[in-house]
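Next come the chains, spelled out residue by residue.
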Amino acid sequence: MLGERRAAILSLIIDSYIKTGEPIGSKTLANLLPYRISSATIRNEMAYLSELGFLEQMHTSGGRIPSKASYRYYVNNLLNPKILTDYEKDFIIGRLSVNAGDPERLLHDATVLLSELTNCAAFSNTVKDVLDSVQGVDLIPAGNGKAMLVMLTVGGKIKSSVCRIECPVDNDFNALFYYIMAEFFIGTPLSDVNLGLIQSTVPVLSERAFDMLPVLTSLCSLCSEASESTIFMDGETNLLSHEEFGNSVYRLLSFLTDKNQLKALMERYSKYGKETELLIGNENYHPELKNTTTMLAKFNYNNSQTAILGIIGSTRIDYSVILPRVEYIMKTVREFL
């Protein structure tokens, strides 16, 4: 642990850099400290903090800026979080309660809210679950030869599509549809709903196989979509305002558009990561994120389902404001799930 004076100096340097993005010198620090201390003494303390790896000097005659290691010390030991007001809490709960019963839409809403409140890039990821299966299927006539197919999985995913049906969707058609669903599809793993399973229904459907084909092929597509992991990202352009990234922001944005790399990263975190993690600089899992601060939360729900929610910003984010709000959003999502 640092002494009181060194901790005060480090805290002031970090707070100033977060607000201004500019290095700070000993004379400025002397004016900011609540007690009188000479510039020479401050320079000595800054030199000591530099030896510890907490400060960096961009130019020989310039002031000091925080290192990535200093942000970790700051968060763990010096941070004075700005507590949410009751209005902020009610606002967050109100935004997230709209789709609280639908996990995917809830995560989507949380991602958008995170990007708005943090000015960072935010993302959510539902991790592929090989055990997820069909829980229920409904067919809703929509007129003009159309019907909406709605499927619910055991893992809580809701998928729907509109399909065109050439025959009347009458009582006989509905009775046959729900019989086929119960006999062949309900309880079947999503990955097993394929063309082969559809073909196995033909002997039962007999002459009505052609009438039922559009519905069954649509269901097959829905199951395929629901069986895959999904990534939703919002606020990537927020990163363009994080000046400390410089030109490296374009390499970061390119990485964020590569969904395969992101899925691999999220699968790794889902297996080995903690329930909630704040990763600063080199603590991050991927080289392209070494100049960022990321905050991640992992959610397990509906028995075997896993989802991840997080933000990505520069190491210069306003930790005192952002962390409490991200934590509250993640806590609210966890409660709804």
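Read on for an overview of the structure. Given the structure is predicted, the values throughout are model-derived calculations rather than measurements.

Comments concerning the overall build of the protein
Part 1: Helices and strands together make up the secondary structure of the protein, namely 13 helices and ten strands.
Part 2: On C-alpha atoms alone, the protein measures out to a radius of gyration of 27 Å, which is more than a quarter above the 20 Å that the 2.2 N^0.38 rule sets for 337 residues.
Part 3: Projected onto its principal axes, the C-alpha coordinates of the protein cover approximately 95 × 40 × 35 Å.
Part 4: Residues classed as buried in the protein amount to 49% of the 337 residues present.
Part 5: Within the protein, contacts between residues separated by at least 24 positions form 62% of all contacts whose residues are at least 6 apart in sequence.
Part 6: Approximately 16600 Å² of the protein is accessible, and the part contributed by carbon and sulfur atoms is 51%.
Part 7: Charged side chains of the protein number 31 positive and 38 negative; the gap between the two group centres comes to 10 Å.

Focus: helix H6 (residues 103-118)
Part 1: Compared with the 22 Å implied by 1.5 Å per residue over 16 residues, the 22 Å span of H6 between its first and last C-alpha is a close match.
Part 2: Within H6, twelve of the 16 residues are buried, which leaves it mostly tucked inside the rest of the structure.
Part 3: All buried positions along H6 are accounted for by Pro 103, Glu 104, Leu 106, Leu 107, Asp 109, Ala 110, Thr 111, Val 112, Leu 113, Leu 114, Ser 115 and Thr 118.
Part 4: Once H6 finishes, Asn 119 follows within two positions and takes phi at roughly 60°, a positive value.

Looking at helix H10 (residues 209-227)
Part 1: Spanning 19 residues, H10 covers 25 Å between terminal C-alpha atoms, matching the ideal 27 Å at 1.5 Å per step.
Part 2: Within H10 the residues assigned to the buried category are Ala 209, Met 212, Val 215, Leu 216, Ser 218, Leu 219, Cys 220, Leu 222, Cys 223, Ala 226 and Ser 227.

Here's the deal with the side chain of Asp 102
Part 1: Tracing the backbone shows Asp 102 in the loop between helix H5 (86-97) and H6.
Part 2: The contacts of Asp 102, once residues within four sequence positions are left out, are Gly 156 and Ile 158.

Description of the packing of aromatic side chains
Part 1: Within this structure, the stated rule accounts for five aromatic pairs.
Part 2: Here Phe 177 and Tyr 178 contribute two aromatic rings whose centre-to-centre distance is 4.9 Å and whose plane-to-plane angle is 75°, an arrangement assigned as edge-to-face.
Part 3: Exposure remark for Phe 177: the relative accessible area of 0% places this residue in the buried category.
Part 4: Assessed through its relative accessible area of 34%, Tyr 178 is described here as partly exposed.
Part 5: Chaining the aromatic ring pairs together yields one cluster made of Tyr 71, Tyr 74 and Tyr 319.
Part 6: Of note, Arg 6 hangs over the ring of Tyr 48, and the distance from its end group to the ring centre comes to 3.7 Å.
Part 7: Lying over the aromatic face of Tyr 269, Lys 298 brings its terminal NZ or CZ to 5.6 Å of the ring centre.

Topic: unusual backbone geometry
Part 1: The phi dihedral of Asn 144 is positive, around 55°, even though this residue is not glycine.
Part 2: Inspection of the secondary structure puts Asn 144 in the loop between strand S4 (134-143) and strand S5 (146-153).
Part 3: For Asn 144, a relative accessible area of 73% translates into the label exposed.
Part 4: A positive phi angle is found at Ser 206, which is not glycine, with a value near 55°.

Some words on the pairing of strand S10 (residues 305-314)
Part 1: With respect to burial, S10 is a largely interior element, ten of its ten residues being buried.
Part 2: Bridging between strand S3 (residues 121-126) and S10 involves six bridges; their strand directions are antiparallel. Each bridged residue has a counterpart across the sheet, and for Ala 121 the counterpart in S10 is Ile 312.
Part 3: By the bridge criterion, ten bridges tie strand S9 (residues 292-301) to S10 in an arrangement that is antiparallel. Note on S10: the bridge partner recorded for Leu 296 is Gly 310.
Part 4: In this structure, the hairpin formed by S9 and S10 is closed by a connection of three residues, where Asn 302 is found at a positive phi of approximately 50°.

Overview of the sheet that holds S10
Part 1: Taken in spatial order, the five strands make up an open sheet running S7-S3-S10-S9-S8, and their pairing is antiparallel. The sheet terminates laterally at strand S7 (230-234) and strand S8 (276-280), the two strands that pair on one side only. Each adjacent strand pair in this sheet contributes to an overall mean axis angle of 15°, direction not counted.
Part 2: On top of the sheet, helix H12 (residues 259-272) reaches S3, S7, S8, S9 and S10; it is set at about 65° to S9, its chief contact.

Thresholds, definitions, all that
Residues numbered from 1 in each chain as written. Predicted model: local features only at pLDDT ≥ 70, side-chain atom pairs only at ≥ 80, totals over all residues. Heavy atoms only, no water. Helix = DSSP H or I, 4+ residues; strand = E, 2+ residues; numbered from the N terminus. Rg over C-alpha atoms; globule rule 2.2 N^0.38 Å. Buried < 20%, exposed > 50% of the residue type's maximum accessible area, 1.4 Å probe, protein only. Contact = heavy atoms within 4.5 Å. Areas by Shrake-Rupley, 256 points an atom, 1.4 Å probe, with all protein chains shown as cover. Lys, Arg positive; Asp, Glu negative; His and termini not counted. Charge placed at Lys NZ, Arg CZ, Asp CG, Glu CD. Expected span 1.5 Å × (residues − 1). Phe/Tyr/Trp six-rings, centres within 6.5 Å; stacked < 30°, edge-to-face > 60°. Lys NZ or Arg CZ within 6 Å of the ring centre and 35° of its normal. Pairing = 2+ DSSP bridges. Axes fitted to C-alpha atoms, helices over the stretch in contact; angles between N-to-C directions.

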